Amino acid sequence: MVVDWAAFTPWSALSGGVLIGAAAGWLALSHGRVAGISGMVAGLLGRRADWRARLAFLLGLTAAPALWWLAAGELPVVKIEAGGMRLLAAGLLVGLGAGLGSGCTSGHGVCGLARMSSRSLAATAAFMFAGFVAVAVFRHWGA
């Protein structure tokens, strides 16, 4: 593996992590909620009583690229090498996994680990391992 040091951006990664942590902490302190995206979407689709707060949270996530574009003047180039069917299958598998694991990567990995939840540690280890296996299979063995 070769690291592309010209594309290495520790300050933007650090600031992004701080913003994610601050948003998750604010949501937990102000609303007593975990910032898990799958739970937010599920509650929004289920029209729960707090649907307005969920919608505002999700709109904030989707507004972030527009704010970046306004600040930076350009959007980063994203290259997705997978085809449409593979992306659809991946999305369905992520949704299934979030349902089976009682939460998603953001809920367990960001919020659960910060709360020192052993269940979130197990879930995060499981989806990280599954991700490593998926990369090995699809990228290195050409499946």
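Residues numbered from 1 in each chain as written. Predicted model: local features only at pLDDT ≥ 70, side-chain atom pairs only at ≥ 80, totals over all residues. Heavy atoms only, no water.

Chemist: When you look at unusual backbone geometry in this model, what are you seeing that I'm missing?
Modeler: Phi is mostly negative for residues that are not glycine, and the peptide bonds are mostly trans. Not every positive phi belongs to a glycine, and M116 is a case in point at roughly 60°. You can see M116 is positioned in the loop between α5 (105–114) and α6 (118–140). We classify M116 as exposed; its relative accessible area is 74%. (Helix = DSSP H or I, 4+ residues; strand = E, 2+ residues; numbered from the N terminus. Buried < 20%, exposed > 50% of the residue type's maximum accessible area, 1.4 Å probe, protein only.)

Chemist: Explain the confidence of the model for the chain to me, please; I cannot follow it from the model alone.
Modeler: Interpretation of the predicted coordinates at a detailed level should be avoided for regions scoring low in pLDDT. For the chain, mean pLDDT is 83; residues scoring 70 or higher make up 98% of the total. Here helix α2 (residues 37–45) stands out as the least confident element of the chain, with mean pLDDT 82; α6 is the most confident, with 87. (pLDDT = per-residue confidence, 0-100.)

Chemist: Looking at this structure, how should I read the packing of α2 against helix α3 (residues 51–72)?
Modeler: Packed helix pairs are characterised by how far apart their axes lie and by the angle those axes make with each other. Taken N-terminus to C-terminus, the directions of α2 and α3 make an angle of 130°; their axes are 9 Å apart at the nearest point. Considering their axes alone, α2 and α3 lie oblique with respect to each other. Here α2 and α3 pass one another in a crossing that is left-handed. Between α2 and α3, the residues in contact are I37, G39, M40, V41, G43 and L44 and W51, R54, L55, F57, L58 and L61, respectively. Taken together, the residues that form the contact of α2 with α3 break down as 9 nonpolar, 2 polar and 1 charged. (Axes fitted to C-alpha atoms, helices over the stretch in contact; angles between N-to-C directions. Parallel < 35°, antiparallel > 145°, perpendicular 65-115°, else oblique. Left-handed = near helix turned anticlockwise from the far one by under 90°. Contact = heavy atoms within 4.5 Å. Nonpolar A, V, L, I, M, F, W, Y, C, P; charged D, E, K, R; others polar.)

Chemist: In this structure, what is going on with the packing of α5 against α6? I would like to understand it.
Modeler: Packing of α5 against α6 leaves a shortest axis separation of 9 Å and a crossing angle of 135°. As far as their axial angle goes, α6 and α5 are oblique. In the packing of α5 onto α6, the handedness of the crossing is left-handed. For the pair α5 and α6, the contacting residues are T105, H108, G109, G112 and L113 in the first and R119, S120, L121, A123, T124 and F127 in the second. By residue class, the composition of the contact of α5 with α6 is 4 nonpolar, 6 polar and 1 charged.

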